[in-house]
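# Coordinate inspection notes
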Amino acid sequence: MKKVVLDTYEEVCRAVADIYTEQLTKKPDSILGLATGSTPVGLYEELVRRHRAGELDFSKARSFNLDEYYPISKSHPQSYDYFMRENLFDKINIGQYALPNGEAGDPEAECAGYDAAIEAAGGIDLMLLGIGHNGHIGFNEPSVSYSLGTYLVDLTESSLKANSRFFGPDTPQPTRALTMGLGSILNSRRIVLMICGASKAPIAGRLFEGKVHSDVPASFLLLHPDTTIFLDKEANGG
Ligand code: GLP
């Protein structure tokens, strides 16, 4: 696991954007794993900027997102489908994209189909991750046992609280989500984790204890051969 600390959030976004540029130059038909949350917003802005400047072409690339609330309609402004279209897909020329379907009638069949689609595409070349305050990646919440493939998960109080700011009194917050499992994430050939802001310093500290803890899902990244963690100074403890 490689650790890179940069002064500011903007520098982290540019450094991670450089990895995308390198990846898509080397392999234009890359399979990209993408994430939501506030952390990647600046990265997506930088990718859009580079695309508009003619520096980045996504036309042959394909993406699979980590997770989606369940149940939720794609047109719901807080759905991850909506978020991705708003922040990235409607602004670049991505060949094809997929998220777990929050509208699926049969969530188990949806999860199995999602895993099969990732496998049929040849697996994920570059997986982007953020981290929850409780150490979750995707929506793999702290647990004594973890799922390998995509599954339906009950969100913990901590995640519900962290995301409640996005839901008003008229828009009930889903309490479950469909998420790639730790196996799907760790099967990716290369992983980039962004950790930014002072509020993430405690969980970053736990991660850098260097031990796999069942109560810190992100610590399983220690088992992966090509993971780089980008932090801004604040997340690294100031
Ligand atoms: C969300 C997502 C994660 C994300 C995390 C952190 O709930 N499921 O994929 O990494 O929480 O979000 P933020 O970047 O807003 O702190």
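Now for a look at the structure at hand.

Calculation notes
- Residues numbered from 1 in each chain as written.
- Predicted model: local features only at pLDDT ≥ 70, side-chain atom pairs only at ≥ 80, totals over all residues.
- Heavy atoms only, no water.
- Axes fitted to C-alpha atoms, helices over the stretch in contact; angles between N-to-C directions.
- Helix = DSSP H or I, 4+ residues; strand = E, 2+ residues; numbered from the N terminus.
- Parallel < 35°, antiparallel > 145°, perpendicular 65-115°, else oblique.
- Left-handed = near helix turned anticlockwise from the far one by under 90°.
- Contact = heavy atoms within 4.5 Å.
- Nonpolar A, V, L, I, M, F, W, Y, C, P; charged D, E, K, R; others polar.
- Pairing = 2+ DSSP bridges.
- Buried < 20%, exposed > 50% of the residue type's maximum accessible area, 1.4 Å probe, protein only.

### Section: the packing of helix H1 (residues 9-26) against helix H2 (residues 41-52)
- Direction vectors running N to C along H1 and H2 enclose 50 degrees, while the axes themselves pass 8 Å from each other. Between H1 and H2, the angle falls in the class oblique. Once H1 is placed against H2, the crossing between them reads as right-handed. For the pair formed by H1 and H2, the contact residues are Tyr9, Cys13, Arg14, Val16, Ala17, Asp18, Tyr20 and Thr21 on the first element and Val41, Gly42, Leu43, Glu46, Leu47 and Arg50 on the second.
- Of the residues assigned to the contact of H1 with H2, the class counts are eight nonpolar, two polar and four charged.

### Some points on the sheet that holds strand S10 (residues 227-232)
- If you trace the seven strands from one edge of the open sheet to the other, you get S1-S10-S9-S6-S2-S3-S5, paired in parallel fashion. The sheet terminates laterally at strand S1 (2-6) and strand S5 (96-98), the two strands that pair on one side only. Direction aside, neighbouring strands of the sheet carry axes that sit 15 degrees apart on average.
- Where helix H4 (residues 107-120) meets the sheet, it contacts strand S3 (62-65) and S5, and its direction lies at approximately 150 degrees from that of S3.

### Some thoughts on the environment of Leu56
- Among the secondary structure elements, Leu56 is positioned in the loop between H2 and S3.
- In this structure Leu56 comes out as buried when scored by relative accessible area, which is 5%.
- Taking the C-alpha atoms as reference points, Leu56 and Val216, 160 residues apart in sequence, are found 35 Å from one another.
- Leave out the neighbours within four places in its chain, and Leu56 touches Tyr20, Thr21, Leu24, Leu47, Arg50 and His51.

Keep in mind these values describe shape, not function.
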